[in-house]
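# Results of the structural survey
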Amino acid sequence: MPRPTGNTRLRAARLAAGYSSQQDLANALTARGVPVGTRQVRRWESANPPLPNAEVRHALVELLGQDLGALGFQVPEGSTAGGRPLRSLIAPANRGPVRTPNAVQPATAGADFLAVTRAHRRLYWTVAPATLHPAVSAHATLGGQLLDVTTGRTRQTLAAALAESWLLAGRMEFFDLREPDRAGDTWVRALQAAGEAEDALLGAAILAHMAFIPGWAGSRDQAAERMIAARAYARKGPASAEFLAWLDAVEAECETRCGNTRTALNLIGHGEDVLAAGGEYASPEWMDWFSPVRLAAFKGNTQLKAGHLPQARETLLDVLEALPQDADKQRTVVLGDLAAVEAAAHDPVAAAAYAVRALELLETHWYATGLERVREVRRALAPWQNEPCVRDLDDRLYGWGTTLSALAN
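What comes next is a walk through the structure. A quick note: this is a predicted structure, and the numbers were derived from the prediction, not measured.

## Comments concerning the pattern of salt bridges
Scanning all chains against the criterion turns up 22 salt bridges. With a closest N to O distance of 3.4 Å, E196 and R9 form a salt bridge. Taken as a pair, E196 in helix α9 (residues 180-197) and R9 in helix α1 (residues 8-16) lie far apart in primary sequence, 187 residues in all. By relative accessible area, which is 15% here, R9 ends up buried.

## A few points about empty space enclosed by the protein
Taken as a whole and judged by the stated rule, the model has four cavities of 30 Å³ or more. One number sums up the size of the largest cavity: a volume of about 380 Å³. Forming the walls of the largest cavity are 23 residues, and the residues nearest its centre are F175, W289, F298, Q330 and Y367. When residues of the lining of the largest cavity are traced back to their parent elements, those giving at least two are α8 (152-176), α10 (200-216), α12 (241-257), α14 (292-305), α16 (328-344) and α18 (368-380). The class makeup of the residues in the lining of the largest cavity is twelve nonpolar, four polar and seven charged. Taken together, R121, Y124, W125, E164, L167, L168, R171, W286, D288 and W289 make up the full set of residues lining the second largest cavity.

## Topic: the nonpolar core
W44, L64, I206, F243, W246, W289 and F290 are the most contacted members of the largest nonpolar core, which totals 125 residues. Counting residues per element, this core draws most heavily on α8, which supplies 13 residues. Look past the residues within four positions of W289 in its chain and what remains in contact with it is W125, L167, R171, A205, H209, W246 and R294.

## Digging into unusual backbone geometry
For R178, which is not glycine, the phi dihedral falls at a positive 55°. Its location among the elements puts R178 in the loop between α8 and α9. The exposure class assigned to R178 is partly exposed, which follows from its relative accessible area of 23%. You will see that E198, though not glycine, has its phi angle at about 55°, which is positive. With respect to the helices and strands, E198 occurs in the loop between α9 and α10.

## Regarding helix α2 (residues 22-31)
For α2, the set of buried residues is Q22, L25, A26, A28 and L29. Along α2, the residues classed as buried sweep out an arc of 160° about the axis, all on the same side. Those residues of α2 hidden inside the fold are in contact with α1, α3 (38-44) and α4 (54-64). Phi turns positive, to about 85°, at G33, one or two residues after α2.

## Let's talk about the side chain of D248
Checked against the element boundaries, D248 lands in helix α12. Not counting the four nearest positions on each side in its chain, D248 is found in contact with R231, L267, H270, G271 and V274.

## Structural notes on the packing of aromatic side chains
Applying the stated criterion across every chain yields a total of 13 aromatic pairs. Aromatic side chains F212 and W216 sit 6.2 Å apart centroid to centroid with 80° between the ring planes, which places their arrangement in the edge-to-face category. With a gap of four residues between them, F212 and W216 both fall in helix α10, about one helical turn apart. There is no split in this pair, since F212 and W216 are both buried.

What counts as what
Residues numbered from 1 in each chain as written. Predicted model: local features only at pLDDT ≥ 70, side-chain atom pairs only at ≥ 80, totals over all residues. Heavy atoms only, no water. Salt bridge = Lys/Arg side-chain N within 4 Å of Asp/Glu carboxyl O. Helix = DSSP H or I, 4+ residues; strand = E, 2+ residues; numbered from the N terminus. Buried < 20%, exposed > 50% of the residue type's maximum accessible area, 1.4 Å probe, protein only. 1 Å grid on protein atoms, 1.4 Å probe; cavity = no way out; pocket = protein on both sides within 12 Å on 5 of 7 lines; lining within 4 Å. Points joined across faces, edges and corners; volume = space filled by probe spheres on them. Nonpolar A, V, L, I, M, F, W, Y, C, P; charged D, E, K, R; others polar. Core = buried A, V, L, I, M, F, W, Y, C linked by side-chain atoms within 4.5 Å. Contact = heavy atoms within 4.5 Å. Arc of directions from axis to C-beta. Phe/Tyr/Trp six-rings, centres within 6.5 Å; stacked < 30°, edge-to-face > 60°.

Here is the structure:
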């Protein structure tokens, strides 16, 4: 299997930073007082990119948030900048040969690395994120080192598994630990690895996840740009109906967060139609975070935000009934949304009851996104804060179990 052509690491970092074309990056560098043309960017994204001069190097690193080694440039030993070793300034601290610079790992290396990646994927649903995340990150770091000493199909298998590992690490950082900036950096690494593997579908999944960051922050234009890129990549791969419906769900979530609930509901309706029509391709095995019932969960949240309370209540109750046994993280979110429905319907007793059920699950299945939902409900219950049901919720929300879980994770 031939290696991908060109400097895929720089190309992935450029896309992740929001520069959809080489001209966009050239314009951004020029705006920082470093005049660069599209032709020069094209050379940097070639198979053997020339090392930029010192001024451009610093501008690239600042713009893209990656050191030169991570951007695909070869830094010669002994190079200096301002009298200091250039490699010490920009080379990743945790990279280096696994054995010797010329040693090549056996053909089993890719499959062995992938086996651990698959195990981490399954463990995600049951192991506390504070426990699992360091293991996944260390595994991904190992994969980055192995990538330098593998070739052919083994290298492609390893690169795809590495992309999946970084994707999982970023999911934990964003959804479980609520560290969006850290997740963004991690997903850049995932996108670079997907480029090394030439896996367009993985690239689409990573870009769609990256849309959550501006989407949840209310930056609609940035989220939309990343979704456009994700859909473009999805068209290059064998995207299943489920995958395409998930893209609709992600975009709907971003639109909901930006206050565009009508657009969001239209997107969810389209996703439902796509699922009903089916398709010729199966979903990739790594896509274990989405299903028709999870699309319905997106729908219930959007109905809630749109003020369609009876519809939201019905949708979310159906979701709660249909969620699989191992979906406790999602269950905390659904319970939080049901609590929000009842709070909006001026039923503090029902709202507090759902919120307490969510907190009980969070003590054993931590999920920062679930806790955020409960805290939003508590703010909505402020008019009833002296009611016994709300005081009971406060006792649980600020009790030892929840507090310790939050600190531990």
